[in-house]
Amino acid sequence: MEKRIGTITILIRDREVSQSVNQLLSEHADIILCRQGLPFHDRPVAVISLIVEGSVNSINALTGQLGRLPGVECKAVVTKNN
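Everything numeric in this text was worked out from a predicted model, so none of it was measured. (Residues numbered from 1 in each chain as written. Predicted model: local features only at pLDDT ≥ 70, side-chain atom pairs only at ≥ 80, totals over all residues. Heavy atoms only, no water.)

**Student:** Can you walk me through the overall build of the protein in this structure?
**Tutor:** When helices and strands are counted, the protein shows 2 helices and 4 strands. A globule of 82 residues ought to have a C-alpha radius of gyration of about 12 Å, and the protein, at 13 Å, matches this closely. Principal axes of the C-alpha set define a box for the protein whose edges measure 45 × 20 × 15 Å. By the burial criterion, 32% of the 82 residues in the protein qualify as buried. Taking contacts inside the protein between residues at least 6 apart in sequence as the whole, the part at least 24 apart equals 70%. For the protein, the accessible surface area stands at approximately 5300 Å², while carbon and sulfur atoms represent 51% of it. (Helix = DSSP H or I, 4+ residues; strand = E, 2+ residues; numbered from the N terminus. Rg over C-alpha atoms; globule rule 2.2 N^0.38 Å. Buried < 20%, exposed > 50% of the residue type's maximum accessible area, 1.4 Å probe, protein only. Contact = heavy atoms within 4.5 Å. Areas by Shrake-Rupley, 256 points an atom, 1.4 Å probe, with all protein chains shown as cover.)

Put into structure tokens, the structure is as follows:
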């Protein structure tokens, strides 16, 4: 399948699910090129941004699993077909 480059932004509003988020990211480590996290200590939110490279199906699988976690919002942007 054709690989694409993309970004995934994850907003975590419930820190209790952080372990589940990290577990999913570890399971999909093969498509993650870069990860940057920003835990806001004075606000009830943490932000993780990812640069990914993989098939549309693999990127969508990760965002779908993340988005189903309570207290987590997730969006992906993927390059278009050549």
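**Student:** I'm lost on the sheet that holds strand E1 (residues 4-12) in this one. Help?
**Tutor:** Across a sheet, paired strands are connected by hydrogen bonds in the backbone, their directions being either parallel or antiparallel. Spatially, 4 strands are ordered E2-E3-E1-E4 in an open sheet, and the strand pairing comes out antiparallel. Every interior strand has two partners, whereas the edge strands, strand E2 (32-39) and strand E4 (72-78), have only one. Strand-to-strand twist in this sheet, taken as the mean axis angle between neighbours without regard to direction, amounts to 15°. Across 7 bridges, E2 lies against strand E3 (residues 46-54) in antiparallel orientation. (Pairing = 2+ DSSP bridges. Axes fitted to C-alpha atoms, helices over the stretch in contact; angles between N-to-C directions.)

**Student:** Would you mind going over the nonpolar core with me for this structure?
**Tutor:** Side chains of nonpolar character tend, in soluble globular proteins, to be buried together. Counting 19 residues, the largest nonpolar core has Ile-8, Ile-10, Val-21, Leu-25, Leu-50, Leu-62 and Leu-66 as its most contacted members. Elements supplying a minimum of two residues to this core: E1, helix H1 (18-27), E3, helix H2 (56-67) and E4. With 4 residues, the single largest contributor to this core is E3. Residues in contact with Leu-25, not counting those within four places in the same chain, are Ile-10, Ile-32, Arg-35, Ile-48, Leu-50, Leu-62 and Leu-66. (Core = buried A, V, L, I, M, F, W, Y, C linked by side-chain atoms within 4.5 Å.)

**Student:** How should the side chain of His-28 be read in this particular structure?
**Tutor:** Looking at the secondary structure, you find His-28 in the loop between H1 and E2. When its relative accessible area of 13% is taken as the criterion, His-28 is described as buried. Excluding residues within four positions of it along the chain, His-28 makes contact with Ser-58, Ala-61, Leu-62 and Gln-65.

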